[in-house]
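Read off the chains here:
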Amino acid sequence: MSCGSLLLGLAACEQATVRTPTPTTLTLAGATAMQPVLHDLTAEFSRQHPSVLFNWLGGSSATGEERIQAGEVDLAASTLLETKPLSTTTVAKGGQKIVRIPIGLDGLAIIVHPSNPLENVTLLQLHDLFNGHVLDWSMLGNPSGEVILVSREDGSGSRRLFEERVMGDDQVSLTAVVMPTSADVVDYVAQNAGAIGYVSRAYVIDPLRAQTDKTPQAATTVLSQTAQVGATGRLPVRVVRVENQFPTLENLKNQTYFFTQPLFLLSRGQPRGWTRQFIDFVLSPAGQTIVERYHARVR
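Residues numbered from 1 in each chain as written. Predicted model: local features only at pLDDT ≥ 70, side-chain atom pairs only at ≥ 80, totals over all residues. Heavy atoms only, no water.

The secondary structure content of the protein chain amounts to eleven helices and eleven strands. Taken over 299 residues, the protein chain has a buried fraction of 47%. Of the roughly 14600 Å² of accessible surface on the protein chain, a fraction of 53% belongs to carbon and sulfur atoms. (Helix = DSSP H or I, 4+ residues; strand = E, 2+ residues; numbered from the N terminus. Buried < 20%, exposed > 50% of the residue type's maximum accessible area, 1.4 Å probe, protein only. Areas by Shrake-Rupley, 256 points an atom, 1.4 Å probe, with all protein chains shown as cover.)

Here it is in C-alpha cells:
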C-alpha cells in the first residue's frame, strides 16, 4: 500500500470514530403558570442543542420547591416570593443551598365567561366575591345569575398570591370549584357563564390582546383567532381589569398592576453543566425575547 493510500485509510478511520454527543435529559417540575414559556424555551434550546432533552413533570410551585429540595429534579419552576419554601428548610438534599433565579414577571389575570359584561373589579369586590358575600352577579350591577368561584389547589403559587393580596385573614368560600392547573381554570370559566377565576396571563394572551390592542392589525388577528372558537366569534374567556388596570407587559414592567409576581427557576446550589447553559440561554437576549411572549422580561 502506498503512503498516500495509507494516509487516506487513516483519515477514513478517524472520521468513522467520531462520536455523537451523549444525550442528556434535564427534568423540570413546578408552577403551571410557567409551563407555556418553559415549553417554548426548552424547545428552542433543544433545537440548538439536539442532544439535550427536557422532561416536564408539572405540579405546582410547592411541588417544584419540594422536588428540588429532595434532589428529584434538575430545575424547579416557582412563583413563590419568599426565599423560604413551604417546607422548613432552604437547603436541598446533600446540603446544597437552593438558588432562585428570576427569569420574568407574571401577572395574575382575573377572568370571566365571554357573556359576562363585567369590565372592572375592585379589590374589595374580589374579596366579597371569593369570600361568598356576593352570591349573584346582580349584586354588582350585572344581569342576574349565580356566581361560580374558580380557585386553584393548595400549593399553587397563584392561589397563594391571590389569597395574600385579596383575602387576607379570610378564607375563599368552600363553594369554590378547585382546579389542579391553570389550563383547567380557563377551560372551566369558558364553559360556565357565571364563573370567575384567576390565572396566569400566559394562558389568556389572545383575549388580553383583543381587549387592550385597538390597532386595525390587531383587530384582524383577533377576528382570525375568534373564528376558530365557534360560530359566535367569541373568545373563550374575557380578562377583567383590576382597579382599572389590565396585566399588560407595560404594567408588569412598571409593577403597577396589583397582581404582579416574579417567576423563578430553582436549582440545588449554583447550576452547572447543561443546567447552567440552559439558564444562561433563558437570561440571554434570545431567551428573554421568548419570555416576553408570555411575561415581562427581567433583562
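This is not the end of the story, as more comes after the structure.
A few words now on the nonpolar core. By size, the foremost hydrophobic cluster in this structure holds 27 residues, and its most contacted members are Ile-110, Leu-126, Leu-129, Phe-130, Phe-162, Ile-196 and Phe-259. Mapped by element, the contributors of at least two residues to this core are β4 (98-112), α4 (123-130), α5 (157-167), β8 (195-200) and β9 (238-242). Sequence-distant contacts of Phe-259, defined by excluding residues within four places in its chain, comprise Asp-106, Gly-107, Leu-108, Ile-110, Leu-123, Leu-126, Leu-161, Phe-162, Arg-165, Val-166 and Val-242. In terms of nonpolar packing, the next biggest core, distinct from the first, is built from 26 residues, Ala-31, Val-99, Ile-101 and Leu-265 among them. (Core = buried A, V, L, I, M, F, W, Y, C linked by side-chain atoms within 4.5 Å. Contact = heavy atoms within 4.5 Å.)

A word on the pattern of salt bridges. This model, assessed by the stated rule, comprises eleven salt bridges. Here Arg-238 ties to Glu-119 by a salt bridge, and the two come within 3.4 Å at their closest N and O atoms. Of this pair, Arg-238 sits in strand β9 while Glu-119 sits in the loop between β4 and β5 (120-121), and the two are 119 residues apart along the sequence. Ionic pairing is found between Arg-209 and Asp-206, a salt bridge with its closest N-O pair at 3.0 Å. Of this pair, Arg-209 and Asp-206 are both found in helix α7 (residues 205-212), three residues apart, which corresponds to roughly one turn of the helix. Relative accessible area serves as the criterion here: at 32%, Arg-209 is assigned to the partly exposed category. Residues participating in the shared-partner salt-bridge network are Lys-253, Glu-292 and Arg-297. (Salt bridge = Lys/Arg side-chain N within 4 Å of Asp/Glu carboxyl O.)

This brings us to the packing of helix α2 (residues 35-48) against helix α10 (residues 273-282). Taken N-terminus to C-terminus, the directions of α2 and α10 make an angle of 115°; their axes are 11 Å apart at the nearest point. Crossing handedness for the pair α2 and α10: right-handed. The residues of α10 that touch α2, namely those facing Leu-41, Thr-42, Glu-44, Phe-45 and Gln-48, are Trp-274, Gln-277, Phe-278, Phe-281 and Val-282. Among the residues making up the contact of α2 with α10, the classes are represented as six nonpolar, three polar and one charged. (Axes fitted to C-alpha atoms, helices over the stretch in contact; angles between N-to-C directions. Left-handed = near helix turned anticlockwise from the far one by under 90°. Nonpolar A, V, L, I, M, F, W, Y, C, P; charged D, E, K, R; others polar.)

This part covers α10. All of the buried residues in α10 are Thr-275, Phe-278, Ile-279, Phe-281 and Val-282. In a view along the axis of α10, the buried residues occupy a sector of 155°, so they form one face of it. (Arc of directions from axis to C-beta.)

Note on placement: Phe-259 falls in the loop between α9 (249-254) and β10 (260-268). Residue Phe-259 is classed as buried on the basis of its relative accessible area of 0%. With 97 residues separating them along the chain, Phe-259 and Phe-162 place their C-alpha atoms 7.7 Å apart.

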